[in-house]
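Now for the letters of each chain:
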Amino acid sequence: MTCLCNQPTALEGVVEWNVNRNLTTFNPSTSMTLLHREYEELLRHLLEGQPTVDDFCDIIVVCAGAIYQQGYNPELAMMETVKEISSRQGSIDPTTGKWEKDRSQDPSTLYTANYDLAKY
């Protein structure tokens, strides 16, 4: 495995990419168009039975850029999301293969993402 010591995270790299190209202002219409284009490409590849890592990464890049453009650190925002989803209990529904939240989980055991912690 290659050491990534002192290397920016992938999401930090996305922020740098946006900054270097002066993509610093959030435009909902532009974000929607970009996300739609990447989603259509992913769907096409899924239907062809050939989804690629690139398809999923492109969607993450668009989303991380939009998060940054709204004044949030995408890395910290994602960490808040991970804390929230990790606090959920549940199991995989064998009929759908989808993770299902335990609706009876004690609400006091759930973490709610605090995106204010991710603001620049």
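Residues numbered from 1 in each chain as written. Predicted model: local features only at pLDDT ≥ 70, side-chain atom pairs only at ≥ 80, totals over all residues. Heavy atoms only, no water.

**Q** Teacher, can you tell me more about the side chain of Gln69 here?
**A** With respect to the element layout, Gln69 can be found in helix α3 (residues 53–69). In this structure Gln69 touches Asn18, Leu23, Thr24, Thr25, Phe26, Asn27 and Ser31, once residues within four positions along its chain are discounted. (Helix = DSSP H or I, 4+ residues; strand = E, 2+ residues; numbered from the N terminus. Contact = heavy atoms within 4.5 Å.)

**Q** Can you walk me through α3 in this structure?
**A** In an α-helix there are 3.6 residues to a turn, and that puts residues three or four apart on one side. With 17 residues, α3 ought to run about 24 Å at 1.5 Å a step, and its terminal C-alpha atoms sit 24 Å apart, in line with that. Turning to α3, its buried residues number three or more, namely Asp55, Ile59, Val62, Ala64, Gly65, Ala66, Tyr68 and Gln69. Against α1 (10–20), α2 (28–47) and α4 (74–86) lie the buried residues of α3. (Expected span 1.5 Å × (residues − 1). Buried < 20%, exposed > 50% of the residue type's maximum accessible area, 1.4 Å probe, protein only.)

**Q** Any chance you could explain the pattern of salt bridges here in plain terms?
**A** Between side chains of opposite charge, a pair can form as their charged atoms come close. Taken as a whole, this structure holds four salt bridges when the rule is applied. For Glu38, the salt bridge identified is with Arg37, shortest N-O distance 3.7 Å. In this structure Arg37 comes out as partly exposed when scored by relative accessible area, which is 49%. For Arg88, the salt bridge is made with Glu84, and the minimal N-O distance between the two is 3.0 Å. (Salt bridge = Lys/Arg side-chain N within 4 Å of Asp/Glu carboxyl O.)

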